[in-house]
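Observations on the three-dimensional arrangement
Each chain, letter by letter, is given below.
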Amino acid sequence: MKVLKEWDVKVKLVKTKRGAILHMIELEPGHFYLEQNPLKDSKYGVAYRRIKENFPEFYMFWEIKNNHYTGKLLAGAFLEKREIDEFVTLLAKSEDFKEFEEILEEIEEIEEE
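This structure is a prediction, so every number in the text was calculated from the model and none was measured.

Criteria and cut-off values
- Positions within a chain are numbered from 1, following the residues in the order the chain's sequence is written.
- Local features are withheld for residues below a pLDDT of 70 in this predicted model, meaning they are given only at 70 or higher, and side-chain atom pairs are given and counted only at 80 or more; totals for whole chains, interfaces and linings count all residues.
- Each side-chain value is derived from all of the structure's non-hydrogen atoms; neither hydrogens nor water enter the calculation.
- Each patch is built from residues that are more than 30% exposed by relative accessible area and take part in no salt bridge. Like charges join if they lie within 9 Å; nonpolar side chains (Val, Leu, Ile, Met, Phe, Trp, Tyr) join within 5 Å.
- Each accessible area is a Shrake-Rupley estimate made with a 1.4 Å probe; only the visible protein chains count as cover when residues are assessed.
- Take a side-chain nitrogen of Lys or Arg and a carboxyl oxygen of Asp or Glu: if they are within 4 Å of each other, that pair is a salt bridge.
- Numbering goes from the N terminus for both helices and strands, where a helix is a DSSP run of H or I of at least four residues and a strand is a run of E of at least two.
- Buried means the residue's accessible area, taken with a 1.4 Å probe over protein chains only, is under 20% of the maximum for its type, while exposed means over 50%, and partly exposed covers the values in between.
- Think of a nonpolar core as a cluster: buried Ala, Val, Leu, Ile, Met, Phe, Trp, Tyr and Cys residues, connected wherever their side-chain atoms sit within 4.5 Å.

1. Considering a nonpolar patch on the surface
Together, W7, V9 and V11 give the surface a local cluster of nonpolar side chains, amounting to about 320 Å² of exposed area. Along the chain, V9 falls in the segment before β1 (10-15). For V9, a relative accessible area of 43% gives the class partly exposed.

2. Looking at the nonpolar core
Of all hydrophobic cores here, the largest spans seven residues; its members are A20, L22, M24, F32, L34, I64 and I107. Residue assignment for this core shows that the elements contributing at least two residues are β2 (21-28) and β3 (31-35). Y48, F58, M60 and F87 belong to the second largest nonpolar core, which has six residues in total.

3. Focus on the pattern of salt bridges
Under the definition given, this model contains two salt bridges. Across the salt bridge formed by E26 and K12, the nearest N and O atoms sit 3.3 Å from each other. On the criterion of sequence distance, the pair formed by E26 in strand β2 and K12 in strand β1 is long-range, its members being 14 residues apart. Taking relative accessible area as the criterion, E26 reaches 11% and is therefore assigned buried. Classification of K12 by relative accessible area gives buried; the value is 18%.

Here you go:
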């Protein structure tokens with residue numbers, strides 16, 4: 001393989017003002033991916049909470065650039081084939097999470113320690 005581009009990526013564990021502990025993947029100042037908050041009673045918060053109950057190794061991260069959500073999502077997990085089959089079936093069966101609103105939280109400032 002030929003390297004086309006390289007990033008110095010930092011993975012951080014952050015705590016929001018509301019007390020949620022989330023993972024953050026920082027690409028550069030002002031550009032990062034923040035884990036979906038599973039405590040949030042929103043469409044994606046509820047869906048993420050339900051997914052994590054069955055698939056704790058699954059993660060969803062929202063891209064944030066210059067303090068704005070870009071609408072892009074990074075999602076994935078390291079699963080065995082039988083686990084991904086179960087995951088896909090679970091998602092296909094449940095439509096009730098769609099009744100929740102799509103709520104994007106205000107972006108909090110990053111505090112370095």
